[in-house]
Amino acid sequence: MSVRRLTLADVVESLTGSRPVGPEWPVATTVVDSRQARQDALFIALKGEHTDGHTYVSDAFSRGALAAVVERPVEADVPVLDLTLPAERYELHPPVLLRVTDSLCALQQIATFWRGQHNVRVIGITGSVGKTMTKEITASVLARRYVTLKSEASYNNEIGLPLTLVHLTSEHERVVLEMGMYDVGEIAALARIARPHVGVVTIVAPVHLERAGTMERIAQAKTELVQALPQAPEGVAILNYDDEAVRNMARATQARIFYYGLSPQADLWADSVEGLGLEGIRFWLHYRGERLHVKIPLLGRHSVHTALRAAAVGLVEGLTWQEIIEGLRAPAPQLRLVAVTGPYGSTILDDTYNASPVSTLAALNLLDELEGRKIAVLGDMLELGDYEREGHEKVGMRALEVADVLITVGPRARIIAETALRWGMPADRVHITNENAEAIALLEQMVQSDDVILIKGSRALRMEEIVNALEKEHEGS
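A brief report on the enclosed structure follows. One numbering rule holds for all chains: residues counted from 1, following each sequence as written. With pLDDT at 70 or above as the cut-off, local features in this predicted model cover only qualifying residues; side-chain atom pairs require 80 or more to be listed or tallied, and sums for whole chains, interfaces and linings still use all residues. As a rule here, side-chain values come from all non-hydrogen atoms in the structure, and water together with hydrogens is ignored.

1. Quick notes on the side chain of Ser-103
Line of reasoning, step 1. Tracing the backbone shows Ser-103 in helix α3 (residues 103–116).
Line of reasoning, step 2. The rule is simple: take the accessible area with a 1.4 Å probe, protein chains only, and divide by the maximum for that residue type; under 20% is buried, over 50% is exposed, in between is partly exposed. Looking at Ser-103, the relative accessible area reads 0%, which means it is buried.
Line of reasoning, step 3. Apart from residues no more than four positions distant in its own chain, Ser-103 is found in contact with Ile-44, Ala-45, Leu-46, His-54, Val-69, Val-70 and Glu-71. The numbering of helices and of strands both runs from the N terminus, where a helix is a DSSP run of H or I of at least 4 residues and a strand a run of E of at least 2. In this description, contact between two residues means that some pair of their heavy atoms is separated by no more than 4.5 Å.

2. Some points on the layout of surface pockets
Empty space among the atoms becomes apparent when a probe as large as a water molecule is rolled across them.
Line of reasoning, step 1. Of the volumes computed, that of the second largest pocket is approximately 170 Å³.
Line of reasoning, step 2. Only protein atoms enter the 1 Å grid used here. Points where a 1.4 Å probe fits but cannot escape make up a cavity, open sets with protein on both sides within 12 Å along at least five of seven lines make up a pocket, and a residue lines them when an atom lies within 4 Å of a point. In terms of lining, the second largest pocket is formed by Thr-29, Thr-30, Val-31, Gln-36, Leu-149, Lys-150, Glu-152, Tyr-155, Leu-163, Thr-164 and His-167.
Line of reasoning, step 3. Ranked by the residues each element gives to the lining of the second largest pocket, the list is headed by strand β1 (residues 29–31), at three residues.
Line of reasoning, step 4. Under this grouping Gly is polar, as are all residues other than the nonpolar Ala, Val, Leu, Ile, Met, Phe, Trp, Tyr, Cys and Pro and the charged Asp, Glu, Lys and Arg. Class assignment of the residues belonging to the lining of the second largest pocket gives a composition of four nonpolar, five polar and two charged. Grid points are joined across faces, edges and corners, and a volume is the space filled by probe spheres set on the points.

3. Topic: the environment of Ala-76
Line of reasoning, step 1. Looking at the element boundaries, Ala-76 is found in the loop between β3 (67–70) and β4 (80–82).
Line of reasoning, step 2. Considering only alpha carbons, one finds Ala-76 and Ile-218, 142 residues apart in sequence, at a separation of 44 Å.
Line of reasoning, step 3. Residue contacts for Ala-76: discarding those within four places in its chain leaves Val-57, Ser-58, Phe-61 and Leu-97.

4. Observations regarding the pattern of salt bridges
Line of reasoning, step 1. Just to be clear on terms, a salt bridge is a Lys or Arg side-chain nitrogen sitting within 4 Å of an Asp or Glu carboxyl oxygen. Here the structure, examined in full by the defined rule, presents 28 salt bridges.
Line of reasoning, step 2. Glu-317 serves as the salt-bridge partner of Arg-121, at 2.7 Å between the closest nitrogen and oxygen. Residue Arg-121 is found in strand β6 (residues 121–126), and its partner Glu-317 is found in the loop between α10 (303–316) and α11 (321–329); the two are separated by 196 residues along the sequence.
Line of reasoning, step 3. Overall, the relative accessible area of 6% leaves Glu-317 in the buried class.
Line of reasoning, step 4. Taking the shortest distance from any N to any O, the salt bridge between Glu-393 and Arg-422 comes out at 3.9 Å. With Glu-393 in helix α13 (residues 388–402) and Arg-422 in helix α14 (residues 414–422), this pair connects stretches of sequence that are 29 residues apart.
Line of reasoning, step 5. Judged by relative accessible area, Glu-393 falls into the partly exposed class, the value being 24%.
Line of reasoning, step 6. You can call Arg-422 exposed: its relative accessible area is 51%.
Line of reasoning, step 7. Through salt bridges with shared partners, one network takes in Arg-4, Asp-10, Glu-13, Arg-19 and Glu-24.

5. As for helix α12 (residues 357–369)
Line of reasoning, step 1. Its 13 residues give α12 an end-to-end C-alpha distance of 19 Å, which sits within 8% of 18 Å, the value for a rise of 1.5 Å per residue.
Line of reasoning, step 2. Listing the buried residues of α12 in full gives Pro-357, Ser-359, Thr-360, Ala-362, Ala-363, Leu-364, Leu-366 and Leu-367.
Line of reasoning, step 3. Residues of α12 that are buried sit in contact with β16 (347–351), β17 (374–379), α13 and β20 (452–456). Residue count minus one, scaled by 1.5 Å, sets the expected span of a helix.

6. Regarding the packing of α3 against helix α6 (residues 186–194)
Line of reasoning, step 1. Here, axes are lines fitted to C-alpha atoms. For helices the fit covers the stretch in contact, and angles between N-to-C directions go from 0 to 180 degrees. Put simply, α3 and α6 touch, their axes get as near as 7 Å, and they point 45 degrees apart. As judged from the angle between their axes, α3 and α6 are oblique. Contacts between α3 and α6 involve Gln-108, Ala-111, Thr-112 and Arg-115 on the former and, on the latter, Arg-192, Ile-193 and Ala-194.
Line of reasoning, step 2. Considered class by class, the residues forming the contact of α3 with α6 number three nonpolar, two polar and two charged. Roughly parallel refers to an angle under 35 degrees, roughly antiparallel to one over 145, roughly perpendicular to one between 65 and 115, and oblique to any angle outside these ranges.

7. What to know about the nonpolar core
Line of reasoning, step 1. In terms of nonpolar packing, the biggest core is built from 43 residues, with Leu-8, Leu-98 and Leu-165 touching the most fellow members.
Line of reasoning, step 2. Broken down by element, the residue count for this core peaks at six residues, all from α3.
Line of reasoning, step 3. Formed by 40 residues, the second largest nonpolar core is a distinct cluster that contains Val-176, Phe-283, Leu-298 and Ala-311. Nonpolar cores were defined as sets of buried Ala, Val, Leu, Ile, Met, Phe, Trp, Tyr and Cys residues, with membership established by side-chain atoms within 4.5 Å.

8. What about the pairing of strand β10 (residues 236–240)?
Line of reasoning, step 1. When you tally the buried positions in β10, you get five out of five residues, the bulk of the element.
Line of reasoning, step 2. With burial as the criterion, each face of β10 is covered, one bearing Val-236, Ile-238 and Asn-240 and the other bearing Ala-237 and Leu-239.
Line of reasoning, step 3. Examined bridge by bridge, strand β9 (residues 198–201) and β10 share four bridges and lie parallel to one another. Its bridge partner lying in β10, Val-201 is registered against Leu-239.
Line of reasoning, step 4. Strand pairing requires that DSSP identify at least two bridges connecting the strands. Sheet analysis places β10 next to strand β11 (residues 256–261), joined by five bridges and oriented parallel. Paired with Val-236 across the two strands is Arg-256, which belongs to β11.

9. Describing the sheet that holds strand β15 (residues 338–341)
Line of reasoning, step 1. Spatial strand order, β15-β16-β20-β17-β18-β19: six strands in an open sheet with mixed pairing. Every other strand in the sheet has two partners, leaving β15 and β19 (430–433) as the edge strands with one partner each. Neighbour to neighbour, the strand axes of the sheet diverge by 15 degrees on average, direction disregarded.
Line of reasoning, step 2. Sheet contacts for helix α15 (residues 436–446): β17, β18 (405–409), β19 and β20; angle to β18, the most-contacted strand, approximately 160 degrees.

By themselves these figures say nothing about function.
Here is the structure:
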């Protein structure tokens, strides 16, 4: 039996309700970046803050695109099929421009239609911290038994989630989707497209607080995932028992509740968690009277919650313990925090993807587990709203306990340094800088062979520049 993949005929039917006559025209891939287009691709031209995909339609066709979805006229020497006009029948003659009213809505409509064509179990993952790694490890676990599709990178928004779903085929048995949000209503919209059966919630923390406004609104937004789940037994909400806001989401769903955490009151729980530095973690797992000793390659003791979430999904989806443990032990991409070699054989903990108080405290806890002189290079944490000062102060208190040397980058991170100084960190061990170049200059002067250097800050600070500079120095040393 041939594998069923998205076709241009499916695309037109999803947008018009009418299936075109003639060949199906299989779509090889769907992209929103013309540089990723290849033979038989579908290009969706989206208007962004900084660029407009309509400018690059010709580029997509030059790379072999089969069709492009557009919402306005473009310069491309291909025929136009205007789907905004009623027609008794539509005929496809690629390469072709598919004219719609709104390209983003069209992408979401295609994904919603295509999701509905597949009898597949969907696992949605949301929470303030830990979504992407949970998605990766959960997919690793499920792949021990099922053909599994997962969100690429951090494809967790109104563009990324539908882009994942349009790559569904008839071979897939499970889909693992990351669901992000800035405010109330966004996860509900994603859930209408994805129709998840299982909802996993990590924690509720002051991330994107500046946009959401309050912690209550963040919790409300995350609750939208469990509200969208079907009734038990088909629907299952996998909730963090250790986070009261997440635990209370049980009241908002008709799905079966499955708790995970570090409490024996959870359905699946762990204890005796031991950090092994860069070797990973080990702990005991407990479930319905069973007890298993597990060692996995995830970094930091906080990663036990990631393992619990993935194991919970495995249990819910009927996997054996052997399959679950194999999935947890599989080499996992440390998508956020990676260890690389710095100057003179020092170790750099590159956690520059983003930063919140919760994730920064977790990174400092990992730094605390490692041997050597500990240098914490911490940048601004953005979008914290009213929690900005308190969040930076909490990080400053922990940095005081962990770091031998503290370097801060940016005006908000200054609060981290001032807090550490106020509570007794010697002034000669604290360095306040305004930009990455200053931090690089300091590090180049001070780094020694046994140092462990944590580098972390919000995405806008581009602190990977510090990592790159130190790696280059290592190559030259």
